[in-house]
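# Architecture at a glance
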Amino acid sequence: MTSDTRESPGRVTLNMIASEAGVSVSTVSKVLNGRSDVSADTKERVEAVMDHLGYQRRPARRRGAVIDLVLNELDSLWSVEIIRGVDEVLHEAGASMVLSAVHGRSSDTREWIDQLAARRSNGAILVVSDLTQQQRKRLTALDVPFVLLDPVGSVDALVPTVGATNWAGAVSATEHLIGLGHTRIAHLAGPRQVLCSRARADGFRATMEQAGLPMPAGWVAHGEFNDASGRTETARLLDGLEDSGEEPPTAVFAASDLQALGAFEVLRDRGYAIPSDISIVGFDDLPVARWTHPPLTTVRQPLFDMASVAANALLRVIDGEPADQFRLELATQLLVRGSTAPPSGGAGRTT
């Protein structure tokens, strides 16, 4: 190790430790929290890097803490993975979790903040689509540290955030389809105002443009990250192509696994075989992605790990660490399964 990487005590970040030790941020978090699922060699290497960089551990204040986890909805598989990740970390730390849903409404978010103030919560993990600057200031005035998980829009530099490499994930999905020989690829995008949705759509467009492939009007369809939207947008795309007499796409990249499942349903109802007629790629790698027939090729967004890292980051802030050192992006990974294959010479309905 070289001496020029040393930082002043208290300003060493988890990203710096992970990079120097050659491990993930989540592994560093596990070492800091005494988790048993880290090999002895890895633990020793991480701790050696922390000593080398002058990382200062602070006395834990977390035991008995009450942490709010606030999501838009509680009834999706995506939310379940987040809840699992946060719960595991808080349980091991001796902290408690209060779970709330705001359903994307500002009024519910304001009500939750009132409830948080009344119960004197020690911190909050926010996975919400609408948190205004005024609401952030109120949380700060209440002296309640918070972490934004998968933030929707631009965030103040002092606010801790945990996200994923959405643009890179979309690039890998699109490159996979192009590499199979697909040239007519549609994208079922997420909401226009959501940061991760924009990043995935931008990654798709950039890869298509670099390959010199066309993107006809309507082939990037913005909706919601759910199966109903996947059904609606897929049906709208196919209806428009049938009316115009155009050939359908040979592949679809969906911005979420749930949208991909909605596309599965519509395509099969209309007689298309997957993947021989149309290939499909999702995004998230929810457990259901492995249960579809055929299993869904998807970009793994490490939701459980993202939630665990967010919970660990919040606990470190509660323990007195500077909030602005926790701005983390976890890597995505393309998982190739049975829903993608080379084009068969032109998509068409089975008889």
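Our subject in this report is the structure included herewith. Just so we're clear, the structure is a prediction, and the values are computed from it rather than from any experiment. (Residues numbered from 1 in each chain as written. Predicted model: local features only at pLDDT ≥ 70, side-chain atom pairs only at ≥ 80, totals over all residues. Heavy atoms only, no water.)

## Notes on the packing of aromatic side chains
This structure, assessed with the given rule, holds 1 aromatic pair. Ring geometry for Phe 204 against Phe 253: centres 6.4 Å apart, planes inclined by 40°, an arrangement best described as tilted. Of this pair, Phe 204 sits in helix 8 (residues 195-210) while Phe 253 sits in strand 8 (residues 251-254), and the two are 49 residues apart along the sequence. Taken as a pair, Phe 204 and Phe 253 share a single burial class, namely buried. Residue placement shows Arg 200 over the ring face of Phe 283; its charged tip is 3.9 Å from the ring centre. (Phe/Tyr/Trp six-rings, centres within 6.5 Å; stacked < 30°, edge-to-face > 60°. Helix = DSSP H or I, 4+ residues; strand = E, 2+ residues; numbered from the N terminus. Buried < 20%, exposed > 50% of the residue type's maximum accessible area, 1.4 Å probe, protein only. Lys NZ or Arg CZ within 6 Å of the ring centre and 35° of its normal.)

## Examining the sheet that holds strand 9 (residues 279-284)
The strand order 7-6-8-9-10-12 describes an open sheet built from 6 strands, whose pairing is mixed. Sheet topology places strand 7 (220-222) and strand 12 (333-335) at the edges, where each strand pairs with a single neighbour. The sheet shows a mean angle of 15° between the axes of neighbouring strands, taken without regard to direction. Bridge analysis of strand 10 (residues 297-300) against strand 12 gives 3 bridges, and the strand direction is antiparallel. Of the residues in strand 12, the one forming a bridge with Thr 298 is Leu 335. (Pairing = 2+ DSSP bridges. Axes fitted to C-alpha atoms, helices over the stretch in contact; angles between N-to-C directions.)

## Topic: the side chain of Thr 27
Mapped onto the secondary structure, Thr 27 falls in helix 2 (residues 25-32). Ignoring sequence-local partners within four residues, the contact set of Thr 27 consists of Val 38 and Thr 42. (Contact = heavy atoms within 4.5 Å.)

## Details of the nonpolar core
Grouped together as the largest cluster of nonpolar side chains are 49 residues, with contacts concentrated most on Ile 17, Ile 82, Ile 125, Leu 149 and Val 162. In terms of residue count, helix 11 (residues 303-318) provides more of this core than any other element does, 10 residues in total. Every residue in contact with Ile 125, bar those within four places of it in the chain, is listed here: Ile 67, Asp 68, Leu 69, Val 70, Val 86, Val 147, Leu 149, Ala 310, Ala 311 and Leu 314. Listed in part, the 21 residues of the second largest apolar core include Ala 186, Leu 237, Val 252 and Ala 289. (Core = buried A, V, L, I, M, F, W, Y, C linked by side-chain atoms within 4.5 Å.)

## Overview of the pairing of strand 10
Bridge count for strand 9 against strand 10 is 4 bridges, and the pairing is parallel. Bridging across to strand 10, Val 281 finds its partner in Thr 297.

## Some points on helix 11
The first and last C-alpha atoms of helix 11 sit 23 Å apart over 16 residues, in line with the 22 Å expected at 1.5 Å per residue. Burial analysis of helix 11 places 15 of its 16 residues in the buried class, the great majority of the element. Gly 320 sits one or two residues past helix 11 and shows a positive phi near 110°. (Expected span 1.5 Å × (residues − 1).)

## Some details on the packing of helix 2 against helix 3 (residues 40-53)
A pair of packed helices is characterised by two quantities: the angle between their axes and the separation of those axes. Relative to each other, helix 2 and helix 3 sit at 90°, their axes nearing to 10 Å. In terms of their interaxial angle, helix 2 and helix 3 are classed as roughly perpendicular. Between helix 2 and helix 3, the residues in contact are Thr 27, Val 28, Val 31 and Leu 32 and Thr 42, Lys 43, Val 46, Glu 47 and Met 50, respectively. (Parallel < 35°, antiparallel > 145°, perpendicular 65-115°, else oblique.)

## Thoughts on the environment of Arg 316
Positionally, Arg 316 belongs in helix 11. Looking at Arg 316, the relative accessible area reads 5%, which means it is buried. Through-space distance from the C-alpha of Arg 316 to that of Ser 29 is 9.5 Å; in sequence the pair is 287 residues apart.

## Structural notes on the pattern of salt bridges
Tallied over the entire structure, the rule returns 11 salt bridges. Residue Arg 231 is joined to Asp 227 by a salt bridge in which the shortest nitrogen-to-oxygen separation is 3.3 Å. You can see Arg 231 and its partner Asp 227 sitting in helix 9 (residues 227-244), 4 residues apart, about one turn around the helix. Overall, Arg 231 belongs to the partly exposed group, its relative accessible area being 27%. For Asp 227, a relative accessible area of 34% translates into the label partly exposed. Close ionic contact of Glu 233 with Arg 236 constitutes a salt bridge, the shortest N to O distance being 2.8 Å. Here Arg 236 and Glu 233 lie together in helix 9, a separation of 3 residues that amounts to about one turn. One salt-bridge network, in which partners are shared between bridges, spans Asp 227, Arg 231 and Glu 265. (Salt bridge = Lys/Arg side-chain N within 4 Å of Asp/Glu carboxyl O.)

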